[in-house]
Each structure stands twice: as C-alpha cells, then as structure tokens.
Amino acid sequence: MRVERFQTQNMAQALAMIKERLGPEAVILHTRQVRKGWLRRPLLEVIAAADQVGPTSQAPGGRVEERQHVQAPYQAIQTELAALREAIVRLTWEMRSARLPALEPTLQMIYSHLLGQSLSPELATEVVLAVASELSAAAIANEETVRSCITRHLRSKISTHPIPTGALEDKVVFVIGSTGVGKTTTLAKLAHYHAREQHQSVVLVSADTIRLGGAAQLQSYGDILGISVEVAYTPEELAAVVQAYQEQDLILVDTPGQSPRDQVGLETLRKFLLSVPSRTVYLAVACTTAYPEMEEMVRRFTLVPLDGLIFTKVDEATSIGAAISLAYRCGLPIACITTGRRVPADWEPASAERLAEWIMRGSPWSFLDLSPRLSEVFGLYARLTEHSQP
C-alpha cells in the first residue's frame, strides 16, 4: 500500500492531487488543519492511501483488462485504519473536553446549545475551546461578540464544494446513496439549474434500471427540461454514453438506491463508477438519518474516493448539526442541500455561512427560534456576574 501526505488550501485541491498522484481508487485516511510558514497560515493536511497498482495488460483482442482487486485484505486494512483513527479522535476529544468545566458559564451553556443542535461532542468541544482561547473574560460577557465568534469558528469547520462543470476531468457527476434519499429529484434540480440558469449543455443518464419506473421518472424530467436522457443497463453502456456526449458541459448520472449492507449491489455500483475514469462522486445522505447510520453509509459507500456530500430532506430534520458533524469528521465538502420535493425549487448550493447561522439560530424549517434562548443565557450570566461581585 502506498501512503502519501498532501497539504493544500482546501479539500477540492486535495482531492484533485490525490486522484493525480494515487489514482481514482485512493482512500482518505485522515484530515486535519495545520499551520505553516512565518505567518502561520492554515492549511488542510490530508493523508491518503492506495494499493500499489502495476501496469495494465493488453489483451490479444486489444481490450485493456483491469487488474482484479483482492478485496478481503484491502478491506481488513481499511477496517483497522478506521478503528485506529476513531481511537485517536476519541482520545483527542477526551483530552480537550477535560478543559470544559473550567470554562465560563456562558460558554458551557453555548456548548450545551451546540449539543442540542445535534453537533457532535468532538466538534462542539473544538469550537467552544477555540472561542475560549480567543476571547477575554470581558468579551465573553458580550452576547454579540460571542455569537459572532462562535459562528465564525463554526463556519471555518464547514467545507463546501459546488457541482463542477465544463472541465473534462470532472464533468461526469454521479449521485449515489441508499434507497429513498432523493437522488433522482436532486439530479433533476441540478439539471434545471445548470441548463436553464447557467445555460450549460446537460445530459441526464439513468443507471437506475432496478427500481420500477426509475428511468421513466428521469425521462419525464428530461422532457420537461428539454434535455437528452439516456439509459445505461451495464457499465459498458455507461462508458459508451459518456463517450458519445463528451462535448457536453455536464453529464449527470442517476444510480440505483442501495442498502449499505448489500455487498452484491454495492459491487455492481462500484463497476458502474469505475467505468468512467474521470468522474465526480457525491454521496446523498438524508438529514433525518441518525448520526451513527450516516457514518456507516459513508464507510460502506466509499467504493471509490468520494468528492463530497449532498444532504437531502433538510426540511424534515429537527436540526442539521449531525450533517455538519459528519462532513467535518469525514473531511468531505458539502455540495448542496435539498429542502423539499418540488422540482426545480427546494434546493440550494451549500453555504458555510448559512449552515453555521442555522446552527446558532435554528433552521428556517424549525418551529423554534433559538435566538431568544441564547439571549436568556447571556442575561442569566450577566445577573450571576453582578451578584458575584462584592
């Protein structure tokens, strides 16, 4: 196995370097923020690994035969690395969380608020401790200052990456995920946006030939938008479709929903992905999913390196903290979110600023406005401080 370390400005650059150096089947082992140089500018450090791959062999008929992967040893290594990373993260969090009781009451209440928004304890601890080290005691007593500082640190933890178009290296976009997360409607929304609003040439391709009516649903969207729709029943057919439409700006590929535990289905999906060497792969995850199940989906659907996440059903979730925690934990950028079933409405490109604001105030689909609660926290802290003074 070949392991390399990359230091870049953002995850998008890191993914491009990993694909170039290690190939499309590399896996990300670890990500962290580091500071380099005299100015101590922050960089993203990514450690990735790939099997040592020998040159492909040319068959007598002229067909390139890909090397057969030995899955069992490779998956065992992945499992061990994941367990090791989990232990390191947990130990780091325990060391940091030991400092929480010494924090000002205001920050302890803010910490409880972040947990209430389903933010992971690890991420909530990191944000609150960063604010505590930055602000003075007087500044912590100021509600607007603390709000601004917390939001800024939250925003710095959220990586976003828009759907790419136009470049040959990443114009083929796959959306994968489990059954019922909204992949087909999400693709229709993206197709409308890029075709009608960005005035780009778009093609829809359905590889969802298992679900009854899956291809027909995508065809209906294509007819409404006036764009071409193709159906690929095999990986070879998909490669041929991509080749036929290589002059288009964007090729959006719908895939069949898979159970994360269906090994046969996942292997079939993997073959479809590998049939297009230059690709962008997004995993669609419903925000209504419990956080442990989200982590399992990422682990099982990393058939090839993922380029980002699409969060669906945001309007049905009580909070988006679990989604943000997942993206941060996995080191994956968020491409977009969907907020309903209407096509072409009910979606938007991911914005770190908006997502951080929703954590602090509550999402627009929540029945509760969290701002008054935070104001009560600061009011209580002010009264406690006043009474504690001689």
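Residues numbered from 1 in each chain as written. Predicted model: local features only at pLDDT ≥ 70, side-chain atom pairs only at ≥ 80, totals over all residues. Heavy atoms only, no water.

Visitor: Is there a simple way to explain the overall build of the protein chain in this structure?
Guide: When you go through the protein chain residue by residue, the secondary structure sums to 14 helices and 13 strands. For the protein chain, the residues scored as buried account for 48% of the 390 residues in total. By sequence separation, contacts in the protein chain at least 24 residues apart represent 71% of the contacts at least 6 residues apart. Accessible area for the protein chain stands at about 19,500 Å²; split by element, carbon and sulfur atoms hold 53% of it. (Helix = DSSP H or I, 4+ residues; strand = E, 2+ residues; numbered from the N terminus. Buried < 20%, exposed > 50% of the residue type's maximum accessible area, 1.4 Å probe, protein only. Contact = heavy atoms within 4.5 Å. Areas by Shrake-Rupley, 256 points an atom, 1.4 Å probe, with all protein chains shown as cover.)

Visitor: Would you mind showing me how to read the pairing of strand β9 (residues 250–254) here?
Guide: On any regular strand, side chains alternate: one points to one face of the sheet, the next to the other face. When you tally the buried positions in β9, you get five out of five residues, the bulk of the element. Alternating residues of β9 divide into Leu-250, Leu-252 and Asp-254 and Ile-251 and Val-253, and every residue in both groups is buried. Inspection of the sheet shows strand β6 (residues 172–176) paired to β9 by four bridges, in the parallel sense. What sits directly across from Val-173, in β9, is Leu-252. Note that strand β7 (residues 202–206) and β9 share five bridges and pair parallel. Bridge pairing in β9 places Val-205 opposite Val-253. (Pairing = 2+ DSSP bridges.)

Visitor: What is the right way to read the pattern of salt bridges from this model?
Guide: Pairs can form between side chains of opposite charge whenever their charged atoms are close. Counted by the stated rule, this structure contains 12 salt bridges. Note that Arg-261 is salt-bridged to Glu-296, the shortest N-O span being 3.0 Å. One end of the pair, Arg-261, is in the loop between β9 and α10 (263–274); the other, Glu-296, is in helix α11 (residues 291–301), and 35 residues separate them in sequence. Owing to a relative accessible area of 13%, Glu-296 belongs among the buried residues under this scheme. The structure contains a network of salt bridges with shared partners spanning Arg-261, Glu-296 and Arg-300. (Salt bridge = Lys/Arg side-chain N within 4 Å of Asp/Glu carboxyl O.)

Visitor: What's the story with the packing of helix α6 (residues 143–157) against helix α13 (residues 352–361) in this structure? I'm lost.
Guide: When two helices pack together, their arrangement is given by the angle between their axes and by how far apart the axes lie. Here α6 crosses α13 at 130°, and the two axes come no closer than 9 Å. In this view, α6 runs oblique relative to α13, as classed from their interaxial angle. Crossing of α6 over α13 shows right-handed handedness. Residues Arg-147, Ile-150, Thr-151, Leu-154 and Arg-155 of α6 form the contact with α13, whose own contacting residues are Ala-352, Glu-353, Ala-356, Glu-357, Ile-359, Met-360 and Arg-361. A class-by-class count of the residues in the contact of α6 with α13 yields six nonpolar, one polar and five charged. (Axes fitted to C-alpha atoms, helices over the stretch in contact; angles between N-to-C directions. Parallel < 35°, antiparallel > 145°, perpendicular 65-115°, else oblique. Left-handed = near helix turned anticlockwise from the far one by under 90°. Nonpolar A, V, L, I, M, F, W, Y, C, P; charged D, E, K, R; others polar.)

Visitor: Which parts of the structure should I look at to understand the sheet that holds strand β10 (residues 280–286)?
Guide: Sheet strands line up and pair through hydrogen bonds in the backbone, either parallel or antiparallel. Pairing is mixed across the open sheet formed by eight strands, whose spatial order is β8-β7-β9-β6-β10-β11-β12-β13. Looking at the sheet topology across the chains shown, the edges are occupied by β8 (228–231) and β13 (347–349). Taken over all neighbouring pairs, the strand axes of this sheet differ in orientation by 20° on average, direction set aside. Taken together, the five bridges between β10 and strand β11 (residues 308–312) define a ladder with parallel strand orientation. Residue pairing for β11: Ala-284 is matched across the bridge by Ile-310.

Visitor: I keep staring at the nonpolar core and nothing clicks. Help me out?
Guide: Soluble globular proteins: nonpolar side chains tend toward being buried together. Counting 68 residues, the largest nonpolar core has Leu-114, Leu-154, Phe-174, Ile-176, Leu-238 and Phe-311 as its most contacted members. A total of six residues in this core trace back to one element, the largest contributor, which is α13. For Phe-311, the residues in contact, after removing those within four places along its chain, are Val-285, Cys-287, Ala-323, Leu-326, Ala-327, Ile-334, Cys-336, Ile-337 and Thr-338. Core analysis: the next-biggest nonpolar cluster, separate from the first, contains 23 residues, Leu-190, Ile-310, Cys-336 and Trp-347 among them. (Core = buried A, V, L, I, M, F, W, Y, C linked by side-chain atoms within 4.5 Å.)

Visitor: Looking at this structure, how should I read the environment of Arg-329?
Guide: You can see Arg-329 is positioned in helix α12 (residues 321–330). Here the alpha-carbon distance between Arg-329 and Thr-31, two residues 298 residues apart in the chain, equals 8.5 Å. Within the local environment of Arg-329, its side chain forms a polar contact with the side chain of Glu-295, the two groups lying 3.5 Å apart. (Polar contact = N/O pair within 3.5 Å; in protein donor to acceptor, adjacent residues only side chain to side chain.)

Visitor: What should I look at first to understand α6 in this one?
Guide: Count 3.6 residues to each turn of an α-helix, and residues three or four apart come out pointing the same way. Taking 1.5 Å per residue, 15 residues should reach 21 Å; α6 reaches 21 Å between its end C-alpha atoms and fits that length. Within α6, the full set of buried residues consists of Val-146, Arg-147, Cys-149, Ile-150, Thr-151, His-153, Leu-154 and Lys-157. One side-chain oxygen at the N-terminal end of α6 lies 3.1 Å from the backbone nitrogen of Glu-144; it belongs to Asn-142. (Expected span 1.5 Å × (residues − 1).)

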